[in-house]
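Listed below are the residues making up each chain.
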Amino acid sequence: MDSIRLTGVRAEAAHGVLDFEHVEKQPFIVDATMFLDLSEAGRTDDLTDTVNYGQIANRIVNVIEGEHVDLIERLAAKIADSILLSYRVQRVIVTVHKPNAPIKVPFDDVSVTIERARDDEPTPASLAAARNTERPVSLSAADTDRHDPQSRSTIAGDHGGIHKAVVAMGGNIGDVQQVLRAAVVAIDGVPGNQITGISPLYRTAAWGMEPGTPDFLNAVVEVTTTLDADTLLNALQTIEAAHGRSREVHWGSRPLDLDIIDFDGRVSDDPHLTLPHPRAWQRSFVLAPWADLDPNAVLPGEHGGRVADLLERSADRDSVERLSDTWILGGTA
Ligand SMILES: Nc1ncnc2c1ncn2[C@@H]1O[C@H](COP(=O)(O)OP(=O)(O)OP(=O)(O)O)[C@@H](O)[C@H]1O
Ligand SMILES: Nc1nc2c(c(=O)[nH]1)N=C(CO)CN2
């Protein structure tokens, strides 16, 4: 099968079993070989027919710089999972090198290599991709013939042109900032999606939850997408599941929540996907970052209005605090 090989992706982080390795950063270097069918991309010259290796490299760095792990075996498994979020990748070989590992004799390098296939253990991403086989994504409404409709590696799109969606992100368990960064990368990595705006990061008091619920971090992103609204929701739920599946979550708290706030200004009371999000109008944790991102934004629907005005009137507007404009780059300074 065709492959894309990315080698020497490097980042520093504190991973390892020994005490000092929990605090002192050291380099980790990753090679990844992704197996996928490149024949379409070879014919069409279109990035949406392959995987964007720049996005894969970002994902690898996000995992390395993410939550502490003791073992490079675990780091390799997390990296393989994040790569298999790209539904086109059928199989991946990941090598993690730890050249400065605490080994007392002279050595060149130590590494682990793992191989994971989409079929070995279906990830939420692969399950969602497999379920949505009806029609593939494309960037224009005209090119419906370019893809193989039988392929299980497709995500349905509506071929209805380019839509604009506003997605709210939040979480209050674990390294939320890191997870939100990874979520932005993952949303942008869904074929047909392009992130066009990222709000500042806010710390917000838990809204509508039991006293003592930890604060959330929240942000809002704008996405242009060729996906229909249901398929976008499906993709967002897949990304949520990838970040929540192995954690113990007490009621209400969550590592990652992704809601569609607005989709082309549509209004719908379908409970599966209510538009605009039915509680957005009264949530400062949505309104404040959205108003920062787009001071002229308007929430449609019964409770709608200028987002900045809704924020002004919102009962909990003092319970949100702007933390960082540059959080997406990796720091909160
Ligand atoms: N605009 C929307 N965005 C995301 N999910 C929605 C939307 N409208 C309806 N839903 C449905 O809501 C269900 C529950 O979603 P979720 O678990 O994110 O809720 P929640 O985060 O606990 O509450 P809230 O929706 O108040 O933020 C989803 O399965 C989804 O089908
Ligand atoms: N501050 C804050 N509160 C919440 C949030 C959230 O993201 N931030 N999400 C909720 C359910 O989605 C309920 N309450």
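Thresholds applied
- Starting afresh in each chain, residues are numbered from 1 along the sequence in its written order.
- The naming scheme follows written order: chains are lettered A onward, ligands numbered 1 onward.
- pLDDT decides what is reported in this predicted model: residues at 70 or higher carry local features, side-chain atom pairs at 80 or more are listed and counted, and totals for whole chains, interfaces and linings draw on all residues regardless.
- The basis for the side-chain values is all heavy atoms of the structure; hydrogens and waters are excluded.
- The cutoff for a nearby residue is simple: one of its non-hydrogen atoms must lie within 4 Å of the molecule or strand.
- Each polar contact in these results corresponds to two N or O atoms within 3.5 Å; when the atoms are within protein, one needs to be able to donate a hydrogen and the other to accept it, and residues that are neighboring in sequence are counted only if both atoms are side-chain atoms.
- Surface exposure here means Shrake-Rupley accessible area, sampled with a 1.4 Å probe, where a residue is shielded only by the protein chains that are shown.
- Numbering goes from the N terminus for both helices and strands, where a helix is a DSSP run of H or I of at least four residues and a strand is a run of E of at least two.
- Each residue is assigned to one of three groups, with Ala, Val, Leu, Ile, Met, Phe, Trp, Tyr, Cys and Pro labelled nonpolar, Asp, Glu, Lys and Arg labelled charged, and all others, Gly among them, labelled polar.
- Buried residues are those whose accessible area, probed at 1.4 Å on protein chains only, stays under 20% of the maximum for their type, while exposed residues exceed 50% and partly exposed ones sit between those limits.
- A pair of strands counts as paired when DSSP detects no fewer than two bridges linking them.
- Convention adopted: a line fitted to C-alpha atoms gives each axis, helices being fitted over their contacting stretch, and angles between N-to-C directions are expressed from 0 to 180 degrees.

**Considerations on the site of ligand 1**
Part 1 of the argument: Close contacts around ligand 1 come from 13 residues, with R254, I260, H272, R279 and R283 the closest.
Part 2 of the argument: In this structure, an oxygen atom belonging to ligand 1 sits 3.0 Å away from a side-chain N or O atom of H277.
Part 3 of the argument: Protein burial of ligand 1: of its 610 Å² of free accessible surface, 70% is covered by the chains.
Part 4 of the argument: The leading source of residues in the shell around ligand 1 is strand β9 (residues 257–263), at three residues.

**Overview of the site of ligand 2**
Part 1 of the argument: Taken together, the residues surrounding ligand 2 are T204, A205, A206, W207, M209, F216, N218, R254, D257 and F285.
Part 2 of the argument: Here a nitrogen atom of ligand 2 sits 2.6 Å away from a polar atom, N or O, in the side chain of T204.
Part 3 of the argument: For ligand 2, an oxygen atom lies 2.7 Å from a polar atom in the side chain of D257.
Part 4 of the argument: Considered on its own, ligand 2 offers 340 Å² of accessible surface; in the complex 91% of this is hidden by protein.
Part 5 of the argument: Split by residue class, the shell around ligand 2 holds six nonpolar, two polar and two charged.

**Topic: the pairing of β9**
Part 1 of the argument: With six of its seven residues buried, β9 lies for the most part within the structure.
Part 2 of the argument: Summarising the sheet, strand β5 (residues 163–171) and β9 pair through six bridges and their orientation is antiparallel. Each bridged residue has a counterpart across the sheet, and for A165 the counterpart in β9 is F263.

**Digging into the sheet that holds strand β2 (residues 26–35)**
Part 1 of the argument: With respect to topology, four strands assemble into an open sheet ordered β1-β2-β3-β4, the strand pairing being antiparallel. Only two strands of the sheet have a single partner each, and these edge strands are β1 (3–13) and β4 (111–117). The average angle at which neighbouring strand axes cross in this sheet is 15 degrees, direction not considered.
Part 2 of the argument: As paired elements, β1 and β2 share nine bridges and run antiparallel to each other.

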